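# Notes for the structure review
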Amino acid sequence: MTPHPRLPLQAVLFDMDGTLVDTERLWWEAVEHVAGRPLTEADQPEVLGRPVEHTAAWLGAATGAPVADLAAALHREFTGRVRTGIVPRPGALELLDALARDAVPTALVTASPRAVADTVLEALGAERFAVSVTADDTERTKPAPDPYLAACRALGVDPVDCVAVEDTETGVTSAEAAGCAVLAVPSLAPIDAAPGRTVRESLTGVTPQELGALVTRELRVMSWNLWLGGSEVDDHRAKQLKAVLESGADVVGLQETGGTAAQELAEALGWYHHRAGENLGVISRYPITARFGDPTVGFYGAAGVRIRMDRGLEVDVWTAHLHYTPYGPYESAFDGLPPAELIAHEEVRLTQMRDTLRRIGESCADGVPVVLVGDFNCPSHLDWPDVEWPVTKAAERAGLRDSYRQAHPDALADPGTTWSPIHPVHEDGSGRPEPQDRIDYVLHRGLTVLDSRTYVVGTPRPWPDVAGNDWPSDHAAVVTTFGVPRTS
């Protein structure tokens, strides 16, 4: 099987009885019939999620009847009920169909014997599952991790990149011992939520994206040019703090920090920070474990950090600021330069980008995703059909993806303008409309884009009447929410 290329979710492993089909009730009835008495809540640990052999041994200890005879009777009673009474659980078939559409492999992992599993597979459609593992296929069955480990080996996936869907504590114990994230949908007995475990009342409405979120940690990254530290706007530091908090960002790559903004913002937030030169900085709610680039970098350049999230996940986050002249959108709109000349005039920024990419390459580590944010002061080749802007092309060739364009592929429908919320007209007094463009970016390698948006607080008044604006910048910020795979 080929794991899904876009979702961090590599496979979904389904329990059968009580999860996909309503057989827990049938099993309960079969045990009651063989036991010759009604079962109570006290009997659940010996019945729910247990293989035939376990329940037979339990009944044998209580009644003195031969265990082999009890096992045969349980198997006979349960199989008969299954053949005539299989009912899919609410939402089960719809979820299986959605996973098939998204090319996410699925497996059936059950403590029932092969004969019962094959009967259910025939009813559900055996083609829905790439693999099936039953009580007959492993030396130990649930609650041991063996069945889920066997299914993952057969699929060629890592358990930590998979979600197991279970309905009993026994099955949950098995899946979690194997290392899977768990979606618990209790059938007869309640199951408590826990770290790495989500509990839902049913499978109705569950989506592949929701399951994918169970094997990731979200990381929200913001790129923000503070505009000379924010000094053009009254009470700018308080407004910056408010903007960061309301954005929900976990990490912010800053440009034009005015020297002290990164430290002051981090101290006010109780975050970690890295300051590089007088212009660049990174603030992070997660610990910074390494710092990259020249700490005395000039006004233009790049700086990076490595952050450590929970469960030991690491991500490298870089911030870059590239030179602002000559500015391509002006040369196109005001001077009418053709594409070849626009591209030729990008040499300074292209050199700065190549230096940034070199530094990223020198500091990166295997398995550690990379995020590069910044004010590049140039448009993207993804937005201009006639101009192959070389700065963003260079980043793309280095394997960095544009998160905003991944989330919003249509540049006409979603231009993602970041320059400029305060300049509707050019500031030279000519009255010419200011070219509006996307020049601030959140690029990445090794992550999954869950969402990306431009971000401005309020409705800023235009230049020069900006002192009272709630938004203390001349750029819009970009905020991207990533999924970070647990195996990173």
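Before reading further, recall that the structure is shown in the block above.
Residues numbered from 1 in each chain as written. Predicted model: local features only at pLDDT ≥ 70, side-chain atom pairs only at ≥ 80, totals over all residues. Heavy atoms only, no water.

### Comments concerning the sheet that holds strand 8 (residues 251-255)
Spatial ordering of the open sheet is given by 9-10-8-7-18-17, a layout of six strands whose pairing is mixed. Sheet topology places strand 9 (272-276) and strand 17 (448-455) at the edges, where each strand pairs with a single neighbour. In this sheet, neighbouring strand axes are inclined to one another by 15° on average, regardless of whether the strands run parallel or antiparallel. Taken together, the eight bridges between strand 7 (residues 216-225) and strand 18 (residues 477-485) define a ladder with antiparallel strand orientation. Within the sheet, the bridge partner assigned to Arg217 lies in strand 18 and is Val484. (Pairing = 2+ DSSP bridges. Helix = DSSP H or I, 4+ residues; strand = E, 2+ residues; numbered from the N terminus. Axes fitted to C-alpha atoms, helices over the stretch in contact; angles between N-to-C directions.)

### Here's the deal with the environment of Gln436
Tracing the backbone shows Gln436 in the loop between helix 16 (403-407) and strand 16 (440-445). Residues Gln436 and Asp102 lie 334 residues apart in sequence; the distance between their C-alpha atoms is 37 Å. Of note is the side chain of Gln436, whose polar atom sits 3.0 Å from the backbone nitrogen of Ser420. (Polar contact = N/O pair within 3.5 Å; in protein donor to acceptor, adjacent residues only side chain to side chain.)

### Focus: the pattern of salt bridges
All chains considered together, the criterion is met by 27 salt bridges. Linking Arg128 and Asp97 is a salt bridge whose minimum nitrogen-to-oxygen distance equals 2.6 Å. Here Arg128, found in the loop between helix 6 (114-124) and strand 3 (131-133), pairs with Asp97, found in helix 5 (residues 92-101); they are 31 residues apart in sequence, far enough to count as distant. The exposure class assigned to Arg128 is partly exposed, which follows from its relative accessible area of 25%. Asp97 gets classed as partly exposed once you look at its relative accessible area, which sits at 33%. (Salt bridge = Lys/Arg side-chain N within 4 Å of Asp/Glu carboxyl O. Buried < 20%, exposed > 50% of the residue type's maximum accessible area, 1.4 Å probe, protein only.)

### Looking at the environment of Asp17
Mapped onto the secondary structure, Asp17 falls in the loop between strand 1 (11-14) and helix 1 (24-35). A relative accessible area of 10% places Asp17 in the buried class. For the pair Asp17 and Thr168, spaced 151 residues apart in sequence, the C-alpha to C-alpha distance is 9.5 Å. Once residues lying within four places of it in the same chain are set aside, the contact partners of Asp17 are Thr23, Glu24, Phe78, Thr110, Ser112 and Asp167. Only 2.4 Å separates the side chain of Asp17 from the side chain of Ser112, close enough to count as a polar contact. (Contact = heavy atoms within 4.5 Å.)

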